[in-house]
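# Breakdown of the fold
Residue strings, one per chain:
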Amino acid sequence: MSAILPKSRDDWHALRAQHIGGSEIASLFYLWQLANGQLTYLHLFETPPAGATMLGCVSRHTTGYRLYWQKRGVLPTEDLDGNERVMIGQEMEPAIARAAERKWDWKLENARRYVPHPAVAGMAASRDFQMVAPGYPPVEIKNVDFLVFRDLWKAQGDEIEAPPIDITLQVQHQIACGSTRGTASDHGWIVACVGGNRLLRGRIERHDPTIAKIEQAVAAFWAAVAAGTPPLDVADFDTQADLSVLGAEVRSAPLDLTGDNELPGLCAEFLKTDAAVKDGEKLRDRIKGRIALKLGDAPETIRARAAGHSITWVYAQRGGKPYRGAMTIREA
């Protein structure tokens, strides 16, 4: 299927509502811990193995459960046009692309098209840029905060070795959908502008097992939307609360749930986890206090090194008054 040129902003939003795009694909995947302690990624309609615990959605921005209700038209989609961070990122992308061209002697073009997957209905990509080279590889551009890059990305010099998994999924999604020129590439690129003054790049090779998993996830998602079967195994509290406010019917269940065999276990697990969190917070505060005693006090940010660790204890001003802020400990 050939690339689509949206006629207007409304047309663009209509296309997004009918497809799973690259920026949404990570929300279809969740991280699970198996009974043996191993970790695995499953899409939101895969049945988790017995004893597995869901640790969270891969997407850092939304969940697949919320996306399901948005695509069904029950919950409103997020207004990205009014998101200042998104707006600034969009304005900076062309400048970052020009800088990448100068630094690496590339030739890039703005795609400005919506590219449907050639075989999977409801799957499409809108690329930031693509390289003018054989296969027209996608080039995904990110304006990244320094601390986020430090914590979530891996790089060596100016080369990105491993971006966060949600971005890897986004690039694999774009590779799968193809270019605006109707060609397929065996790789894509991620370009990150870190802290506004450092440019890095990373080549991401096409990975057919990952692409197959993405295609399965998208097909299962739209099949569930058509059947009206939400992915209850990954239901999150915030989305459920919003659905309740709107009076949306998620499932037909009586208010008297004494016959529900699963609910008592969930309640007991909640109480056990809640108690563990509270106990952990108390222990954390005690340990933090003992560390603070060893650091001493000074009218400045304290930085210290221990065997295998580095410690930073922020000293700052708030309302004209000094105060001790966050204590950060990292493995050195």
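### A word on the environment of A306
Tracing the backbone shows A306 in strand β13 (residues 302–306). With 26 residues separating them in the primary sequence, A306 and A332 have C-alpha atoms 8.6 Å apart.

### Some details on unusual backbone geometry
Backbone geometry at D105 places phi at a positive 55°, although glycine is not the residue there. By secondary structure assignment, the location of D105 is in the loop between α3 (84–104) and β4 (108–110). Judged by its relative accessible area of 70%, D105 falls in the exposed class. The backbone phi angle of Y136 is positive, close to 45°, even though this residue is not glycine.

### A look at the packing of aromatic side chains
In total, this model carries nine aromatic pairs according to the counting rule given. For the ring pair W12 and Y114, a centre distance of 5.4 Å and an interplane angle of 80° mean the geometry is edge-to-face. Taken together, the residues W12 in helix α1 (residues 9–18) and Y114 in the loop between β4 and β5 (115–116) connect sequence positions 102 residues apart. Grouping residues by exposure puts W12 and Y114 together as buried. Where Y68 meets F221, the ring centres are 6.4 Å apart and the plane angle is 80°; that geometry is what we call edge-to-face. Residue Y68 is found in helix α2 (residues 64–71), and its partner F221 is found in helix α6 (residues 208–227); the two are separated by 153 residues along the sequence. Just as Y68 is buried, F221 falls in that class too. Clustering of aromatic rings is evident, with ring pairs tying together F45, Y65, Y68, W69, F221 and W222.

Conventions and cut-offs
- Residue numbering note: each chain is counted from 1, following its sequence as written.
- With pLDDT at 70 or above as the cut-off, local features in this predicted model cover only qualifying residues; side-chain atom pairs require 80 or more to be listed or tallied, and sums for whole chains, interfaces and linings still use all residues.
- Each side-chain value is worked out from all heavy atoms of the structure, with water and hydrogens disregarded.
- Each helix corresponds to a stretch of at least 4 residues labelled H or I by DSSP, and each strand to a stretch of at least 2 residues labelled E; elements are numbered beginning at the N terminus.
- A 1.4 Å probe rolled over the protein chains alone gives each residue an accessible area, and that area as a share of the maximum for its type sets the label: buried under 20%, exposed over 50%, partly exposed in between.
- For Phe, Tyr and Trp, where Trp contributes only its six-membered ring, two rings pair if their centres lie within 6.5 Å, and the inter-plane angle classes them as stacked under 30 degrees, edge-to-face over 60, or tilted in between.

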